[in-house]
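Read off the chains here:
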Amino acid sequence: MLNVHNIMEEQVISRVNQLYRQVKAKGTSWLTCDCENCRLDTINYVLNRIPPRYIVSGRGVAYNQGTLLKDSQLNADIDRICLDGMKLVSTAKRPYHKVATLMDNKDQGSRQPMFNFPTFIGNVFDGSTFEPITGANILLKLNGKAAFMMDSSWSNPCETYAASHGSFTFWVAPIAAQEEKENREFTFIIEATMEGYSPVTYSFVVPLVSETQDKRELNSVYSLKIQDIFLFRSDIVNEQE
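Small disclaimer: the values here were computed from a predicted structure and weren't measured.

Conventions we followed
- Residues numbered from 1 in each chain as written.
- Predicted model: local features only at pLDDT ≥ 70, side-chain atom pairs only at ≥ 80, totals over all residues.
- Heavy atoms only, no water.
- Salt bridge = Lys/Arg side-chain N within 4 Å of Asp/Glu carboxyl O.
- Helix = DSSP H or I, 4+ residues; strand = E, 2+ residues; numbered from the N terminus.
- Expected span 1.5 Å × (residues − 1).
- Buried < 20%, exposed > 50% of the residue type's maximum accessible area, 1.4 Å probe, protein only.
- Core = buried A, V, L, I, M, F, W, Y, C linked by side-chain atoms within 4.5 Å.
- Contact = heavy atoms within 4.5 Å.
- Polar contact = N/O pair within 3.5 Å; in protein donor to acceptor, adjacent residues only side chain to side chain.

Student: Describe the pattern of salt bridges, with residues and values.
Tutor: Working definition: two side chains of opposite charge can pair if their charged atoms are close together. Taken as a whole, this structure holds six salt bridges when the rule is applied. Because the salt bridges share partners, they merge into one network encompassing Lys 24, Asp 34 and Arg 39.

What follows is the structure in structure tokens.
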């Protein structure tokens, strides 16, 4: 049987636990909780934002561990994303608990119809060099407000990192429907900003059909690739305009 493993899981778990201990020891005011659930949410937040590294043998473990120790940029990115995740988890009100309560309170045969959103995946590039942009701020809006995310590990707005090559992801929380098989279109707006660059706004429409199936479990196949976003430096004229 094949045994494929993402070695970044151990790396992230170890670093998250270390940072929680360090931050707690300092008595940092923003750390409101360091329970197992909060740590798991933070670990999930980080793993969603860094590239995986798969191994199939003991030799792969040794090689990748050595590589990780030497990759100062990746380690710096992991620490930064860990701290971002810890702060987000500490301040979040865990809105997905409300969704879970709504779904769990219904009888198995009469669940509340919901519009279940796919995960949104996008990338931000420099419009002149076509290189991924690190540090861009991405805000997803619905009905003029920041879209409500599935849980605290999916931040909105979010930031792009070098480790994720300018990519960003969103997973919008389900929205209640009046009845099953109801058709509805949702118009989302993305606002991308970055210091030194002209801001960009992009809109897209997602048609959905309501269903009673509970889709609070992440399914990587059920995703939507958003059109690539290109930012141009403020001192450069965008020839596409």
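Next comes the rest of the write-up.
Student: Please set out helix 4 (residues 72–91) residue by residue, giving values where relevant.
Tutor: With 20 residues, helix 4 extends 29 Å between its outermost C-alpha atoms, agreeing within 8% with the 28 Å of an ideal straight helix rising 1.5 Å per residue. Along helix 4, the positions that sit buried rather than exposed are Leu 74, Asp 77, Ile 78, Ile 81, Cys 82, Gly 85, Met 86, Val 89 and Ser 90.

Student: How would you summarise the nonpolar core if you had to cite specific residues and measurements?
Tutor: Core analysis: the biggest nonpolar cluster contains 30 residues, and Phe 120, Ile 138, Leu 140, Phe 168 and Phe 188 have the highest contact counts within it. Looking at this core element by element, the count peaks at four residues for strand 10 (residues 183–193). Ignoring any residue separated from it by four or fewer positions in sequence, one finds Leu 140 in contact with Phe 120, Lys 145, Ala 146, Ala 147, Met 149, Asn 156, Phe 170, Val 172, Phe 188, Ile 189, Ile 190 and Phe 204. Membership of the second largest hydrophobic core comes to 20 residues, among which are Tyr 20, Leu 74, Ile 78 and Met 86.

Student: An account of the environment of Glu 182 is requested, with residue identities and associated values reported.
Tutor: Tracing the backbone through its elements, the reader meets Glu 182 in the loop between strand 9 (175–176) and strand 10. Between the C-alpha atom of Glu 182 and that of Glu 211, which follows or precedes it by 29 residues, the distance is 8.0 Å. Excluding residues within four positions of it along the chain, Glu 182 makes contact with Phe 115, Ala 177, Leu 208, Val 209 and Ser 210. A distance of 3.0 Å separates a polar atom in the side chain of Glu 182 from the backbone nitrogen of Gln 178.

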